[in-house]
Every structure is written in structure tokens, then in C-alpha cells.
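Each chain, written out:
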Amino acid sequence: MSARTRRLTTAQALVRFLSAQYTERDGVRRRLIAGTWGIFGHGNVAGVGQALLEAGEDVMPFHQGRNEQSMVHAAVGYARQLNRLSAQAVTTSIGPGATNLVTGAALATINRLPVLLLPGDYFATHSADPLLQQLEHPVEADVSVNDTLRPVSRYFDRITRPEALIPSALQAMRVLADPAETGAVTLALPQDVQAEAYDWPEEFFAERVWYVRRPAPDPVELTAAVEAIRSAKRPLIVAGGGVHHSEAESALKAFVDATGIPVASTQAGKGSLRHDHPADLGGIGHTGTAVSDDLARTADLVIGVGTRYTDFTTASGTLFQNPDVRFLNLNITGFDAHKLAARTLVSDARSGLERLLEALSGHRVSEAYEAGYRAGKERWNEVVEAAYRAGDESAVPTQTQVLGALDAAVGDDDVVINAAGSLPGDLHKLWRSRSPRQYHLEYGYSCMGYEIPAGIGVQQAAPGTPVWALVGDGTYLMMPTEIVTAVQEGLPLNVVLIQNHGYASIGGLSEETGGERFGTAYRFRAADGTFTGAPLPVDLAANAASLGMDVLRAKTVRELREALATARASNRPTCVYVETDPAPTAPPAEAWWDVPVAETASREAAVEARERYDRQVAGRRRHL
């Protein structure tokens, strides 16, 4: 090896390169790739696996997973907790190990969260062809199963020569560190290339800092935005996940304190203000609060800050009903800023809010408007209290009473994680967020199985933070495997496991749309062949215990409160198992969600559902 080069395999060079990459924002420096998750097979064991072993834990910490999809979820939870300033890598073999990454990659990219994927691939030389698990395509010899990762990755490359890693690795880091472009990044690694040696320039391994910029708004856009806000009588802020990613919570509070403009939050943006701030109205849209949705219907200016405006937020285009409503979108990406034909303020959320505050000096909404939304907030607080309240402590708890008991048990800095089922709607309406990172809902992809591995990622990012993964029985059965990882790593993850014998959320949606809860209950087949028999005799608590968790069974509200307190005080992975009263106690939806209903049907339930659908869809608007 000369003084200017170092002879390493491609995999060894990649690991060394990743260990020297950093981000920096506001003077704070972090490792860009802080560790690597992996499950080894013939596609990566002798390449990336050997490289990780040779580098050692000080250079690149290694985390052992049980399922490739869940390893991505853990990495996503880690990155979200650290505001996208640090990420993790995931290495897999070829074949099913690689394709298991696709769901996690889609989740990361949809939620704009960074993760580096390193799947093994076929031999670049085609010297052994076909390999075990290789997909053969009759007319495209360069296609592999890893090509399924292309549409769900923000950057993709297949490294077919060692030297090709240099420009590709640099591009991968650029995308991961760029808040306007970030998501899943895939470097597919042919297994022969992983093990091939090359004389690498020493400069490739030099410490490199990727500065995470805070672009300020364009002066022309800023002037137009200020004019729009000053002329609005009923403005409403919709806070999205970009507020958190930019660490703009204090800037938002200062802006709201000065202007009196109220804030409603998406699932990703909830917690942008503390729940007890007078201007915090809670969730918005299909799962929003009454006060948020009432204001949204009459707002003449909707100010989106770091939001993607999904159909849940806009109630499928039916929420913002004021004939004169206009939109002003502050977003770091032009793609999102231009949605709903909005005036744009393409900027970092914190920088944009700070510039707006300076330019709006002395401006404030009317006293009558403030008084109105504050009264609506008080009325909604009464709804929350009623949903949380348990009149009989010896009764079986409802799902909202489970949330009430958890609300009483957590501290301000605890993190509550959820992603799918009926819980996201209940949480969005009812949860009282006390800190910016307490409310951790993955609702861009709403992926069942996310919660437990994401909890592990959050605890890796914030050691000592109590973390609660809330899962129903349907979600638990999808992916409980990373419980083993929490036990192995000694992470005191708390899992609140709610048993309601089926897909409760989809059951309710099925009933609303004429599907009569078909195929949504976990029950034996009845004599007529339908799944309407007795509940299945599964014991999910015993399953959690068999994977190494301490398990606390709670049959009543009182026992639930005691179990949650015990779990929070424990230094072991702990599962609180509770079977809930299925009676619905959550407030109904305050806005519509478009799920198309059969246009022709013979069953009465579907016919009636279509009539309701036609009435609702008539209220949709295209904002132009």
C-alpha cells in the first residue's frame, strides 16, 4: 500500500467511509451513519459482515435484527427521534432478505426519513449464474430483486465495480443529509464486488461533514406571505412533521404567541405546541378535533408548515370549505410547498417562521377570533376528559380509558409510539402531547408492525427515555420478533398490548362502507363458513413472555394503572397486556375520509353505504 492509497475490499472501504461521515446543524455535529443493522446470508456474510467484524464496534456499531423489514423500522425510529440528523444502515443478503426491505424503504421515503440500505446482489461478473435466490429475467440480465427498491428509494445504485463506490457513496450521503431530498437510499452490493480488493485513495476515508442547511425564504415570497397573513381574518396554521424535523417548535410558539394564529396538527406534527397552549387545537382532518375542523371549514387562509397535506389532513378535499380560502405553504421542498395551488414560502421551517415573525411585527388576529377558538378548545377538553374517565375502576377498560391511564402514567419526556389500527385516530383526537418528541405516530405509511422495532430505535437514539409501543393484537401478530432484540440489548421497552380479537379499525371502516366487517374478526369459522364463531384461544401475553419480556396482565382499570406504573419503573423490557371492552368510547370522526364504495350491490348495507358516499363526495373541492 502506498502512502496515498489503502488496499481494502469494497465492503471494508464502505464501512470505513461511513464511519467518517458527519452532519452538522446549528453547530452540533453527529455521526451520519451511527450504526448498522444486519441479518447475514450468503449475499453479505463474507462481504459486509466480514468488514463489520474487522472494523470493530468502535468504528461501526452492529445491531442484530430478526426481520429485515423491522430493522428498517428501527432505523427510521432512530432517525426520527434525532430530527433526521443521524441515521443507521441496514445490510441484508440477496433474495428474500433484500425484498423484505421494500416495505420499510417505502415507509422511510414517504415519511421523509433517512435510512441507508445495503442489500446483497448477484455476481457482477456473472461467473456463477444463476445464484441461489437470484431472479432471472429473460431479456434484462442486469435486473435483480433489488430493483424493487428503486421506486421507494430517493437514491439507488448498483455497485458493479469497486471504484464505482466512490461517487455513489458521496451521492448517497448527500441525499441522506439533505432535508429536502432525504428518504431511503439503496446501494445494492453484488457479492463478488463486496469481497474484491482495490487501492482506495486515502482522501475517501477522510472525515467529511455534511452541513444541514436552513434555507431562508426568498424576499419576494416573504413579502407576498406577509401580505396574505395581514389580510386574513380567520387564519389557521396546519403544523406538520417538518416543524419537528427542523426543531422549529420554539419558533412556532413565538410566532403564535405574537400573532394569536391557532395551530392544528397533522399526525406527524402533533406536539409542535404543548397541548395546554391556548392556541393548540389538537389534530386536524378526518381524525381531528371538533374545534380544529370547525375552524378549518371557515378559515380564509390556511398556513401549512412542513406538511404534505395527505387525504386524512384535508378530509379527502372536503375540509376547507370557505369559498375564499387560500393557502400559504412554508416547506423546505418546492414539491410540497406548491400543493393546493398555494402561495409558497420554500424555506426551512424555523428560518421561515422567524422571518415571518419579524416581518409581521405588531400584527395579531382579532380578540373575537381568539375567544372563539379558545372556547372551542375548552369544549374539546371536556370531550377528552369524558373519554379518559373511568367511573368504575373495577371494570374492564375501554380503549380510550387505556389512553387515559397511560396519560396519567407517563412523564413529559416519555415517547408514545403507534402506527396502525384504531389507535391512531383515538390518539390524534385525544392525546395530550407534553413535549415535541412525545407523540410518535408513523402515519405516512401506517405500517402494522412498526411500533416495537421503532421503539428500539428511539431508545438507541435517546437512552434513558421511557418508550411505549402501543399495539393491538392485529399489529402484534404482524411483527413481534424484535422483542427478542430489546431483550438481547437490555432495552427497557414498554409494550402496551391491547387485545380486541381482530382488526378493529378496518372492521369499523368495513361496516361504514357496506362491507359488514367481513374478514376482520379473529374467530373460528361458524357452520355457514364465515368467521363468526368463538374468539380464537390465542394468548399473546404468553407469547411475549416466551420472547423474553416481563408481562403484566391487567383485567381492570385499577390493575391497568398499577401495571403501567410498574412498567415505567422497570429496567427490563415489559409488556402490559389488557383485553378491552369493545364498546366504542372515542368521539366520532369530525370530517370525512374518501374510501370508495361499491357503485352497484345487492346487499342492503352496501346500497345504503353508497348513498352516504354520494352525499359526502359532493362536498369535495379542488383548490385552484
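Source: prediction; values computed, not measured. (Residues numbered from 1 in each chain as written. Predicted model: local features only at pLDDT ≥ 70, side-chain atom pairs only at ≥ 80, totals over all residues. Heavy atoms only, no water.)

### Some details on the sheet that holds strand S20 (residues 467-472)
Piece 1. Taken in spatial order, the 6 strands line up as S19-S18-S20-S21-S23-S22 in an open sheet, and their pairing is parallel. Whereas interior strands pair on both sides, the edge strands pair on one side only; in this sheet they are strand S19 (439-441) and strand S22 (550-554). Sheet twist, expressed as the average angle between the axes of neighbouring strands with direction ignored, equals 20°.
Piece 2. Sheet topology note: the S22/strand S23 (residues 574-579) ladder contains 5 bridges and is parallel. From the neighbouring strand, Val 551 faces S23, where its bridge partner is Cys 575.
Piece 3. Across the sheet, helix H23 (residues 557-569) touches S20, strand S21 (494-499), S22 and S23, and the angle it forms with S22 is around 160°. (Pairing = 2+ DSSP bridges. Helix = DSSP H or I, 4+ residues; strand = E, 2+ residues; numbered from the N terminus. Axes fitted to C-alpha atoms, helices over the stretch in contact; angles between N-to-C directions. Contact = heavy atoms within 4.5 Å.)

### Notes on the pattern of salt bridges
Piece 1. Taken as a whole, this structure holds 37 salt bridges when the rule is applied.
Piece 2. The partner of Glu 247 in a salt bridge is Arg 214, with the nearest N and O atoms 4.0 Å apart. A residue pair is termed long-range when its members are at least 10 positions apart, and Glu 247 in the loop between helix H9 (241-245) and helix H10 (249-259) and Arg 214 in the loop between strand S11 (208-211) and helix H8 (219-231) qualify at 33 residues.
Piece 3. Close ionic contact of Arg 553 with Asp 539 constitutes a salt bridge, the shortest N to O distance being 3.0 Å. In this pair, Arg 553 sits in strand S22 while Asp 539 sits in the loop between helix H21 (504-512) and helix H22 (540-546), placing the two residues 14 residues apart along the sequence.
Piece 4. You can call Arg 553 partly exposed: its relative accessible area is 47%. (Salt bridge = Lys/Arg side-chain N within 4 Å of Asp/Glu carboxyl O. Buried < 20%, exposed > 50% of the residue type's maximum accessible area, 1.4 Å probe, protein only.)

### Here's the deal with the nonpolar core
Piece 1. Of all hydrophobic cores here, the largest spans 77 residues; its most connected members are Ile 229, Ile 237, Leu 252, Leu 356, Trp 468 and Leu 470.
Piece 2. With 6 residues, helix H15 (residues 367-388) is the single largest residue contributor to this core.
Piece 3. Residue contacts for Leu 252: discarding those within four places in its chain leaves Ile 237, Ala 239, Val 243, Val 263, Ser 272, Leu 273 and Leu 353.
Piece 4. Formed by 45 residues, the second largest nonpolar core is a distinct cluster that contains Val 115, Leu 149, Ala 469 and Ala 544. (Core = buried A, V, L, I, M, F, W, Y, C linked by side-chain atoms within 4.5 Å.)

### Focus on empty space enclosed by the protein
Piece 1. Taken as a whole and assessed by the stated rule, the structure comprises 2 cavities of 30 Å³ or more.
Piece 2. A volume near 180 Å³ is recorded for the largest cavity.
Piece 3. Lining the largest cavity are 20 residues, and of these Lys 270, His 275, Asp 280, Gly 282 and Trp 431 sit closest to its centre.
Piece 4. In the lining of the largest cavity, the residues fall into 7 nonpolar, 8 polar and 5 charged.
Piece 5. The wall of the second largest cavity is formed by Ile 94, Gly 95, Asp 121, Tyr 122, Gln 133, Gln 134, Leu 135, Ser 144 and Val 145.
Piece 6. Its residues assigned to classes, the lining of the second largest cavity shows 4 nonpolar, 4 polar and 1 charged. (1 Å grid on protein atoms, 1.4 Å probe; cavity = no way out; pocket = protein on both sides within 12 Å on 5 of 7 lines; lining within 4 Å. Points joined across faces, edges and corners; volume = space filled by probe spheres on them. Nonpolar A, V, L, I, M, F, W, Y, C, P; charged D, E, K, R; others polar.)

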